[in-house]
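Residue strings, one per chain:
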Amino acid sequence: MPATPAWPPASTPRLFVDQGLNEGATLTLDGAQAHYLGNVMRLKTGDPVRLFDNRTGEWIAEVADAGKRNVMLRLTAKLRAREDVPDLWLLFAPIKKGPIDWLIEKATELGAARLQPVITHRTIVDRLNLDRLRANMIEAAEQCDRTALPELREPIKLPSLLKGWEESRMLLFADETGGLPIAEIARAGPSAILVGPEGGFTPDERATIRATPGATAISLGPRILRAETAAAAAISAWMSAAGDWR
């Protein structure tokens, strides 16, 4: 007896839609998403599409009608519920366009629950295109099979962030002057990783961070890492020690 092929196929396109989904519902995609399905993937009536909404989980839909400017989809079944991601925030100083796009992409793939830009004394980028960062985040989630998008927050100044810090959330900050390995102190539960700008934290900032209840300095090894590399390395180390890589 021949084996039943996997369904949906691994090649099935996967998209985020910003609306609640339910079985039997129909929705119409236009713009870039319709172009991708109709002109890039060349889907026809009856072809499958995977959808997730950051609310209910992931669904399988089929193309009900493929027009030149829009594609109508009909939801047929729920594949899985919205995932529970570890309660880990990434707090990062904004950096240049290319590196910050990479940072957002990798933080999403690695499982961060919140992405919080933080303005520090040595931050050299004072304006962020949050729409572009969100688009990068969504594309990364589509590709890595996430069903829960990270929460992307508006930038906040470091003093304001620390002033309202809740001690119950462990604050691990990458201190270039040294600290403890993440594996020795990471624990499951509310946590945050704070990564500084390209020039690092000032001595006054480091002192203020260290004095914040719940804060601990961490080391990311013997080499000086770029800001975006430090963020990815710290998330990876935390996920391995206390997150969903165990």
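Look up: the structure comes first, before these words.
All values reported here derive from a predicted model rather than from experimental measurement.

What follows is about the overall build of the protein. If you tally the helices and strands in the protein, you get seven helices and 13 strands. Projected onto its principal axes, the C-alpha coordinates of the protein cover approximately 60 × 45 × 30 Å. In the protein, which comprises 246 residues, the share counted as buried stands at 46%. Side-chain charges of the protein comprise 30 positive and 31 negative groups, with the mean position of each set lying 2 Å from the other.

Next up on the list: the pairing of strand β3 (residues 48–52). Counted residue by residue, β3 has five buried out of five residues, so it is predominantly covered. Judged by which residues are buried, β3 turns out to be covered on both faces: P48, R50 and F52 on one side and V49 and L51 on the other are all buried. Two strands pair when backbone bridges link them, and strand β1 (residues 14–16) and β3 are joined in this way by three bridges, in the parallel orientation. In the sheet register, R14 faces β3, and the bridge partner there is R50. Here β3 folds back onto strand β4 (residues 57–66) in antiparallel fashion, the turn holding four residues, of which N54 has a positive phi close to 65°.

If you trace the backbone, T212 turns up in the loop between α6 (203–210) and β13 (215–219). A distance of 3.0 Å separates the side chain of T212 from the backbone oxygen of T208, its partner in a polar contact. In contact with T212, not counting residues within four places along its chain, are L162, W165 and L171.

A full pass over the atoms with the stated rule returns three aromatic pairs. With a centroid separation of 5.5 Å and 50° between ring planes, the pair formed by F16 and F52 is classed as tilted. Pair noted here: F16 is in strand β1 and F52 is in strand β3, with a separation of 36 residues, a long-range link. When its relative accessible area of 7% is taken as the criterion, F16 is described as buried.

For strand β7 (residues 114–119), a buried count of five out of six residues is recorded, marking the element as mostly surrounded by other parts of the structure. Handedness of the crossover is the feature at issue here: the chain leaves strand β6 (residues 88–92), passes through helix α2 (residues 97–110), returns alongside β7, and the resulting connection is right-handed. By the bridge criterion, two bridges tie β7 to strand β8 (residues 151–152) in an arrangement that is parallel. Pairing of R114 across the sheet is with E151, part of β8. Each parallel crossover has a hand, and the one from β7 via helix α3 (residues 130–144) to β8 is right-handed. Of the pairings in the sheet, the one linking β7 to strand β9 (residues 156–157) comprises two bridges and is parallel in character. Within β9, the residue paired with V118 across the bridge is I156.

Overall, the coordinates contain 17 salt bridges when judged by the stated rule. In this structure, E228 engages R226 in a salt bridge whose closest nitrogen and oxygen atoms are separated by 2.8 Å. What makes R226 exposed here is its relative accessible area of 53%. One connected set of salt bridges, linked through shared partners, spans R14, R50, E58, R80 and D145.

Cut-offs used in this document
- Residues numbered from 1 in each chain as written.
- Predicted model: local features only at pLDDT ≥ 70, side-chain atom pairs only at ≥ 80, totals over all residues.
- Heavy atoms only, no water.
- Helix = DSSP H or I, 4+ residues; strand = E, 2+ residues; numbered from the N terminus.
- Buried < 20%, exposed > 50% of the residue type's maximum accessible area, 1.4 Å probe, protein only.
- Lys, Arg positive; Asp, Glu negative; His and termini not counted.
- Charge placed at Lys NZ, Arg CZ, Asp CG, Glu CD.
- Pairing = 2+ DSSP bridges.
- Polar contact = N/O pair within 3.5 Å; in protein donor to acceptor, adjacent residues only side chain to side chain.
- Contact = heavy atoms within 4.5 Å.
- Phe/Tyr/Trp six-rings, centres within 6.5 Å; stacked < 30°, edge-to-face > 60°.
- Right-handed = clockwise from strand over helix to strand, strands pointing away.
- Salt bridge = Lys/Arg side-chain N within 4 Å of Asp/Glu carboxyl O.

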